[in-house]
2 protein chains.
Amino acid sequence: MHARRPATLASLAAELGVSRTTVSNAYNRPDQLSPELRRRVLETAKRLGYPGPDPVARSLRTRKAGAVGLLLTENLSYAFRDPAALAFLEGLALACESAGQGLHLVPVNPQREDIANVHRAGVDGFVVYSVPDDDPHLAAVLSRPVPTVVCDQPRVEGVDRVGIDDHAAITKIAKRLISLGHRRIGVLCMRLGRDRNDSFVSLDRQRSAHFHVQRTRLAGLADTFTAAGVNWADVRVVERFDHSQASGESAAAQLLDADPGVTAIICTSDILALGAMTEAKRRNLRVPQDLTITGFDGITEARRVGLTTVRQPVLEKGKAAGKLLLGAAEANRQREITLETELVDGTTSAPPRTAEERWFGP
Amino acid sequence: MHARRPATLASLAAELGVSRTTVSNAYNRPDQLSPELRRRVLETAKRLGYPGPDPVARSLRTRKAGAVGLLLTENLSYAFRDPAALAFLEGLALACESAGQGLHLVPVNPQREDIANVHRAGVDGFVVYSVPDDDPHLAAVLSRPVPTVVCDQPRVEGVDRVGIDDHAAITKIAKRLISLGHRRIGVLCMRLGRDRNDSFVSLDRQRSAHFHVQRTRLAGLADTFTAAGVNWADVRVVERFDHSQASGESAAAQLLDADPGVTAIICTSDILALGAMTEAKRRNLRVPQDLTITGFDGITEARRVGLTTVRQPVLEKGKAAGKLLLGAAEANRQREITLETELVDGTTSAPPRTAEERWFGP
DNA sequence: ATGAAAGCGCTAACAC
DNA sequence: GTGTTAGCGCTTTCAT
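Remember, it's a predicted structure, so these values are computed and weren't measured experimentally. (Residues numbered from 1 in each chain as written. Chains lettered and ligands numbered in written order. Predicted model: local features only at pLDDT ≥ 70, side-chain atom pairs only at ≥ 80, totals over all residues. Heavy atoms only, no water.)

The local shell around DNA strand D holds 28 residues, among which T21(A), T22(A), L9(B), Y50(B) and R61(B) are the closest. The separation between a phosphate oxygen of DNA strand D and a polar side-chain atom of T22(A) is 2.6 Å. At the level of elements, α2 (20-28) and α4 (55-62) of chain A together with α2 (20-28) and α4 (55-62) of chain B are the ones that each hand at least two residues to the surface near DNA strand D. (Near = heavy atom within 4 Å. Polar contact = N/O pair within 3.5 Å; in protein donor to acceptor, adjacent residues only side chain to side chain. Helix = DSSP H or I, 4+ residues; strand = E, 2+ residues; numbered from the N terminus.)

Turning next to the interface of chain B and chain A. Counting residues at the interface gives 54 residues for chain B and 56 residues for chain A. At the surface where chain B touches chain A, the tally comes to four salt bridges. Summed over the shared surface of chain B and chain A, the number is 10 residue pairs in polar contact (both at pLDDT 80 or more). Of all the elements in the fold, those that place two or more residues in the side of chain B that touches chain A are α4, α5 (76-79), α6 (83-99), β2 (102-105), α7 (116-120), α8 (136-143) and α14 (300-305) of chain B. Broken down by element, the side of chain B that touches chain A gets its largest block of residues, six residues, from α6(B). Class assignment for the residues of the side of chain B that touches chain A results in 25 nonpolar, 15 polar and 14 charged. For strand β2 (residues 102-105) of chain A and β2(B), the ladder comprises three bridges, and the chain directions are antiparallel. Paired with L105(A) across the bridge in β2(B) is L103(B). (Contact = heavy atoms within 4.5 Å. Salt bridge = Lys/Arg side-chain N within 4 Å of Asp/Glu carboxyl O. Nonpolar A, V, L, I, M, F, W, Y, C, P; charged D, E, K, R; others polar. Pairing = 2+ DSSP bridges.)

Around DNA strand C, 29 residues are found, and the nearest of them are L9(A), Y50(A), R61(A), T21(B) and T22(B). In DNA strand C, atoms within 4 Å of the protein come 60% from sugar and phosphate. T21(A) is positioned with one of its side-chain polar atoms (N or O) 2.9 Å from a base nitrogen of DNA strand C. One of the side-chain nitrogen or oxygen atoms of R20(B) is found 3.2 Å away from a base nitrogen of DNA strand C. Elements that contribute at least two residues to the surface near DNA strand C include exactly α2 and α4 of chain A together with α2 and α4 of chain B. Split by residue class, the surface near DNA strand C holds eight nonpolar, 12 polar and nine charged.

Right, let's get into the domain arrangement of chain A. For chain A, the assigned domains read domain 1 (9-62), domain 2 (67-164 + 314-339) and domain 3 (166-312 + 343-360). If you average the C-alpha positions of domain 1 of chain A and of domain 3 of chain A, the two centres end up 62 Å apart. (Domains from an automatic or database assignment.)

This part is about the pattern of salt bridges. The tally for this structure, following the rule as stated, stands at 56 salt bridges over all chains. R155(B) is paired through a salt bridge with E336(B); the nearest N and O atoms lie 3.0 Å apart. Of the two residues, R155(B) sits in the loop between β4 (148-151) and β5 (160-164) while E336(B) sits in strand β11 (residues 336-339), which places them 181 residues apart along the sequence. For R155(B), a relative accessible area of 48% corresponds to the partly exposed category. When its relative accessible area of 36% is taken as the criterion, E336(B) is described as partly exposed. One network of salt bridges, with partners in common, ties together E249(A), D257(A), E279(A), R282(A) and R283(A). (Buried < 20%, exposed > 50% of the residue type's maximum accessible area, 1.4 Å probe, protein only.)

Expressed as a screw operation, the relation of chain B to chain A combines 0.0 Å of axial shift with a rotation of 180°, fitting to an RMSD of 0.1 Å. In short, the pair behaves as if placed about a two-fold rotation axis. Closest to the rotation axis within chain B is the C-alpha of H104(B), separated from it by 2.1 Å. Here 100% of the contact residues of chain B are again contact residues in chain A; the copies associate through an equivalent surface. (Least-squares fit on C-alpha atoms with pLDDT ≥ 70 in both.)

A few words on the UniProt feature "domain: HTH lacI-type" (unreviewed entry) in chain A. What UniProt calls "domain: HTH lacI-type" (unreviewed entry) maps, in this numbering, to residues 7-62 of chain A. For the annotated span residues 7-62 of chain A, helix accounts for 70% and strand for 0% of the residues, and the straight-line distance between the end C-alpha atoms is 21 Å. (UniProt positions renumbered as here; feature names shortened; annotations may be inferred.)

Attention now moves to the pairing of strand β1 (residues 67-72) of chain B. All names here are of chain B. Most of β1 sits inside the fold, with six of its six residues counted as buried. Residues A67, G69 and L71 of β1 are buried on one face, and the alternating residues V68, L70 and L72, pointing to the opposite face, are buried as well. Note that β1 and β2 share four bridges and pair parallel. By the bridge assignment for β2, G69 is matched with H104.

Further remarks concern the nonpolar core. Ranked by size, the top nonpolar core spans 106 residues in total, and within it L70(A), L103(A), F225(A), L70(B), L103(B) and F225(B) carry the most contacts. If we ignore the near neighbours within four places in the chain, the residues touching F225(B) are A174(B), L177(B), I178(B), H182(B), I185(B), V230(B), W232(B) and I266(B). (Core = buried A, V, L, I, M, F, W, Y, C linked by side-chain atoms within 4.5 Å.)

Structural data, given as structure tokens:
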């Protein structure tokens, strides 16, 4: 606790015997009054303990809060643990920093529909990071009369977006595996809706997923493998609500229990893939000799272990989202930014073992 | 970009033919009007595209912004890269989350004295994380009539604080090394002031450091080693402005170049220590056989490599800071929280080699 | 259960 | 250069 609020701009003006305008100018437009008067104003302010114009009152008047709001799917604290979210955050912070804007993290509970916090945030615009298309918080953001930029998902008509081409990106992985000879695969994906389903995913659920990114990646895999002669209906897809390595482990276990014959596990995130690696090791499956595992994102940890994955420029996404939002007033600016992705050929993918090798060793 | 601002609470009231109070109540005190009227109000609001009460105007009236400001020493983006800062952030976010408060990161450039951003932040209080005692942004924060909590440094009379006992903590390390037999040591520390000094540190600079935490840790080492018969004036202390592993590497190099005879390098952070490990390896010095290296903080990466260090509960610090701030109105609450630290005996410390061993091998 | 009046603290035209 | 006049959009006693 520090103090209460005694002095205001008006009381300062009264004390000095000048108008409020003059005091205001002393703070906001130094050139609009004599240096001498300004000095007197500031000095008296200090004496009275006047801390300068109240930011909220100023914001109300100027209609500018000087801050960008950030809405995340997850609890605030989650973002500080997911490497991809973190890199995005860093990029966004960079953009805010250079524009002198604050970054206001909106506290949101994905379970409770706590819309009030969105309405309470005094910000000039919102960045929304990767939420489901039916997220009520997103709806609340869009109802506010401020510019908004969505990163990754969902796509909303008329709303600016930063993202990648998920279909094209996952297709790079799929083609790679197909050319290596993999036909019997399994997939590990992140949550597909706001409801928890830690299990296999029906075709219907795949198609109606509320997370556009996951839906598109699954569709990309389905398209590519179908074209290669694989019956997608036979491909097991395992979903996990929580995004963690532990989830990757248990999902891989579930998959391998159901079909020990898969030669490759495709994961829609590096985190899940890292978990799958752990599970493979537990089962004494050598990667990539016995099992190919791929990820998605290209986080640092993935590089370290040599994961085959698709790198996406997450930090750049953050920067781009910030720039897009902060330049929202400009006339003919871009309304959608799609960043490039790149296949990273790691050491976790190789041709499948032949049937003979499986029985008689390499 | 989304829309402009057409409807206000007043215009809605006019449209409905009711008073502004009624509309306000429809949003804030549902029990104060008939359900039927409330329904009508909300429906008309939707029709007119009224997004609900403006948060800034509401804040001005209620004198509550619903957000906590966070001031960091470094650029905003830095916080997302330093594991300790990150854990603190996570803890603080957790506290904010459960209190339904936003977390407003104040953009600040440590080089430029950009006080304006502190004054512009519409927040109900500030958390200040580890800044020098002469930081102008800190002064700006303290001038604002809102509660403030400082984490780690500096200590300010009358301002709440969360931290650890740095003297006691570093003493644990010192005593450990002394009991192992180390007498000829070197120290790597973080920046001691706002001016860059990537070199050795004079006794004077050690004592007058503007970062209380570093100053206290150095003092703790000086006290303990002096008591063990070491002449502190002979102990080389190397300072680095940037907190990175690269800094640790170059600092260790500088130290080992100046005195190849040191048997232990004490670092005031794990990050620096990890860098020192890299440099040791480059020189073919085995750790701990040829050289003991210790850190401070207990970050995940340190555990992984088995670094001897002092663990401090960084996440808890964040939580505690949040709780302290958000409970600032309470009557007889704690004004200072000191958390416990714990020596982590890793595999990077061992007795020094004797002179014979140095010449003839182990 | 609803309304009238009184600002919260400030800035921006516009006049002097 | 300095002051006057009008609100920004909302909540909150206090009446009715």
